[in-house]
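Single-letter residue listing:
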Amino acid sequence: MHSLDDTIVAVASPPGGAARGIVRLSGPGLRDCLERCFRPDPFVPLTSIQRPTVVPGFVFLHGFASPAPCDLYLWPGRRSYTGQPVAEIHTIGSLPLLEAVMRAACSGGARPASPGEFTLRAFLAGRIDLTQAEAVLGVIDATESAELDAALVQLAGGLAEPLRQLRSALLDVLAHLEAGFDFADEDLPFITSGELLRQIDDSAKQVRRLLDKMAFRSEAVESVRVVLIGRPNAGKSSLFNALLQRSGAIVSAQPGTTRDYLTAELEIEGLKCQLIDTAGMEAIVADLDDASIAAAAQSMTQAQSRRADVTVLCLEAGRPLDDWEREQLARFDTPNRIVVQTKVDLRSSHFPVGEGRGEGILLPASILPTSSHTGHGLHQLKEAICTVAHATAGPPTAVVAGTAVRCSESLRLAAASLDLARDAITSGLGEELIAAEVRVALIELGKVAGTVYTNDLLDRIFSRFCIGK
Ligand SMILES: Nc1nc2c(ncn2[C@@H]2O[C@H](COP(=O)(O)OP(=O)(O)OP(=O)(O)O)[C@@H](O)[C@H]2O)c(=O)[nH]1
Ligand SMILES: [Mg+2]
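Model, not experiment: these values are computed from the prediction.

Examining the site of ligand 1
Point 1. As a structural note, the neighbourhood of ligand 1 is formed by 22 residues, with Lys236, Ser238, Gly256, Thr257 and Thr258 the closest of them.
Point 2. At 2.7 Å from an oxygen atom of ligand 1 is found a side-chain nitrogen or oxygen belonging to Lys236.
Point 3. In isolation ligand 1 exposes 650 Å². Once the protein is present, 91% of that is buried.

Points about the nonpolar core
Point 1. By size, the foremost hydrophobic cluster in this structure holds 34 residues, and its most contacted members are Val207, Leu411, Ile434, Val438 and Leu445.
Point 2. Secondary-structure elements contributing two or more residues to this core are helix H6 (160–182), helix H7 (193–219), helix H12 (401–426) and helix H13 (431–449).
Point 3. Counting residues per element, this core draws most heavily on H12, at 9 residues.
Point 4. Discounting chain neighbours no more than four positions away, the residues touching Leu411 are Val207, Leu210, Leu211, Met214, Leu445 and Val448.
Point 5. If you look at the next biggest cluster of nonpolar residues, it comprises 29 residues, including Val226, Leu239, Phe240 and Leu381.

Things to note about the packing of aromatic side chains
Point 1. Across all of its chains, the model carries 3 aromatic pairs by this definition.
Point 2. Arranged with centres 5.4 Å apart and planes meeting at 65 degrees, the rings of Phe123 and Tyr453 form a pair that is edge-to-face. Of this pair, Phe123 sits in helix H3 (residues 117–124) while Tyr453 is found in the loop between H13 and helix H14 (455–462), placing the two residues 330 residues apart along the sequence.
Point 3. One aromatic cluster is present, formed by Phe123, Tyr453, Phe462 and Phe465 through successive ring pairs.
Point 4. Above the ring of Phe118, the side-chain terminus of Arg24 is found at 5.7 Å from the ring centroid.

What about unusual backbone geometry?
Negative phi is the rule for most residues except glycine; trans is the rule for most peptide bonds.
Point 1. Residue Pro42 is bonded to the preceding Asp41 through a cis peptide linkage, with omega at 0 degrees.
Point 2. Structurally, Pro42 can be placed in the loop between strand S3 (38–40) and strand S4 (53–59).
Point 3. Its identity as a non-glycine residue notwithstanding, Asn233 has a phi of 70 degrees, on the positive side.
Point 4. As for its placement among the helices and strands, Asn233 is situated in the loop between strand S8 (224–230) and helix H8 (236–244).
Point 5. We classify Asn233 as partly exposed; its relative accessible area is 25%.
Point 6. Notably, Lys343 is not glycine yet its phi reads approximately 55 degrees, a positive angle.
Point 7. By the secondary structure assignment, Lys343 is in the loop between strand S12 (337–342) and strand S13 (368–369).
Point 8. Judged by relative accessible area, which is 21%, Lys343 ranks as partly exposed.

Here we look at the sheet that holds S4
Point 1. Pairing in this open sheet of 7 strands is mixed, and the strands run S3-S4-S5-S6-S2-S1-S7 from one edge to the other. Of all the strands in the sheet, the pair left with one neighbour each is S3 and strand S7 (111–112).
Point 2. Direction of pairing for strand S5 (residues 68–75) relative to strand S6 (residues 86–93): antiparallel, over a ladder of 5 bridges. Pairing of Asp71 across the sheet is with His90, part of S6.
Point 3. Along the sheet, helix H1 (residues 30–37) contacts strand S2 (18–26), S3, S4, S5 and S6; its crossing angle with S3, the most-contacted strand, is approximately 85 degrees.
Point 4. The sheet strands contacting helix H2 (residues 95–107) are strand S1 (8–11), S2, S4, S5, S6 and S7, and the helix crosses S6 at an angle near 150 degrees.

Some words on the packing of H12 against H13
Point 1. Where H12 contacts H13, the two axes come as close as 8 Å, and the packing angle between them is 165 degrees. Regarding the angle of H12 to H13, the classification is roughly antiparallel. Once H12 is placed against H13, the crossing between them reads as left-handed. Residues Arg406, Cys407, Ser410, Leu411, Leu413, Ala414, Ser417, Leu418, Leu420, Ala421, Ala424 and Ile425 of H12 touch H13, and the partners they reach there are Ile434, Glu437, Val438, Val440, Ala441, Glu444, Leu445, Lys447 and Val448.
Point 2. Residue composition of the contact of H12 with H13, by class: 15 nonpolar, 2 polar and 4 charged.

Section: the confidence of the model for the protein chain
Point 1. Averaged over all residues, the pLDDT of the protein chain equals 85, while 87% of them reach at least 70.
Point 2. In this model, residues 217–221 is a region of pLDDT below 50 whose contacts with residues beyond four sequence positions or in other chains number 6 contacts.
Point 3. Between residues 352–358, whose pLDDT stays under 50, and residues either more than four places distant or in other chains, the model counts 19 contacts.

What counts, and at which threshold
Residues numbered from 1 in each chain as written. Chains lettered and ligands numbered in written order. Predicted model: local features only at pLDDT ≥ 70, side-chain atom pairs only at ≥ 80, totals over all residues. Heavy atoms only, no water. Near = heavy atom within 4 Å. Polar contact = N/O pair within 3.5 Å; in protein donor to acceptor, adjacent residues only side chain to side chain. Areas by Shrake-Rupley, 256 points an atom, 1.4 Å probe, with all protein chains shown as cover. Core = buried A, V, L, I, M, F, W, Y, C linked by side-chain atoms within 4.5 Å. Buried < 20%, exposed > 50% of the residue type's maximum accessible area, 1.4 Å probe, protein only. Helix = DSSP H or I, 4+ residues; strand = E, 2+ residues; numbered from the N terminus. Contact = heavy atoms within 4.5 Å. Phe/Tyr/Trp six-rings, centres within 6.5 Å; stacked < 30°, edge-to-face > 60°. Lys NZ or Arg CZ within 6 Å of the ring centre and 35° of its normal. Pairing = 2+ DSSP bridges. Axes fitted to C-alpha atoms, helices over the stretch in contact; angles between N-to-C directions. Parallel < 35°, antiparallel > 145°, perpendicular 65-115°, else oblique. Left-handed = near helix turned anticlockwise from the far one by under 90°. Nonpolar A, V, L, I, M, F, W, Y, C, P; charged D, E, K, R; others polar. pLDDT = per-residue confidence, 0-100.

Structural data, given as structure tokens:
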């Protein structure tokens, strides 16, 4: 067990002679301890200090003829690094002097801190999560500026905040599912399966994004997945070829030409993209020779679009929308999607933009007219991909090595559970099964953030710290 009840003390400045040395203390008995070894000059009762303050004074040292001058930095309340009263004694940076200050504090009731114990207390007080605790170590251990940069981003909440949002979204899903169990007799869905699916998909995507950050250390370059979707014959493969300026994908007037999916590397203004052409969705399955191949192709398309960083929905200019397209458009207010009209060279009448077409569907005002044959709008499409990728993914950020090693497996398990939850929804399995998978995902994410931990895990993490941090 990790005790929070005693007052700990350690030298917090680096070893070696320096102008200033720091001895740090934290714990509920801080004031009593200071009253025994420190004297403010001019005198003020320490009990009268309610806010963070610097108090000049002296520390009384055993075996030395005179006390040592120092400044006492005092955080008297809970709003400190460790969430308990904290003090730092800043004095001359001589090792024998700092050791004497330590001894004085120990005879005043403190005990020497173990490695990383201040940061451990910050974690146990909920001031930082486990990824931020590891970032403290990352900052100390950094040997090059890229490592320092990654550690500082992580310390500022680079992983903590997305994890918090993810856990909160999944807790909402779980709350809805569980409310459904409690009122099972009423036959009212607390959350529709479409909404459930959307939330699970969004969460799974976030988890994979975090995993990508973990992998970033070894991969060095993160590429943005751009997936082209649309109904058969919409012009996806033509757009794929036009964006790549080559003819890799087979194009034909026959709907259902693309059965698998194709990927190719595309670089737009320095942004590395993986462009993915998919099989056309829905509507004409019955026309195909082999409906099972079509079904497999469509499920591949769905899997690709779930993993997309940017989805480009291709709508053929001038054609009436079908049900699948209408359903897609209804979801296109999410920020990582772009809608294009294809083949605008063919039709004189494009969709009216930003208004309904008498079908109850509002087309996005930002719909992009394109033609793969004339090249119209391709430049704008590339720009839009860049903008969306930057806005939704943010710049790729590495994480501290220790965090990546500790958390990758948990994130993989969380992603796998969310995939199982999705399968349970689409196969119409009971809500209990969905909830069970969401719970597993939450536990795994909890391990990453440190809301679920064991003493062993904490010992392993904090023992790598130096004393005084
Ligand atoms: N005029 C014109 N024709 C186009 C354009 N883009 C595609 N086409 C034609 O539309 C037909 C279908 O194009 P594809 O690129 O194969 O369409 P797809 O969406 O990949 O089709 P599936 O793979 O079957 O889902 C072909 O005959 C293309 O030549 C365009 O910009 N202008
Ligand atoms: Mg195609």
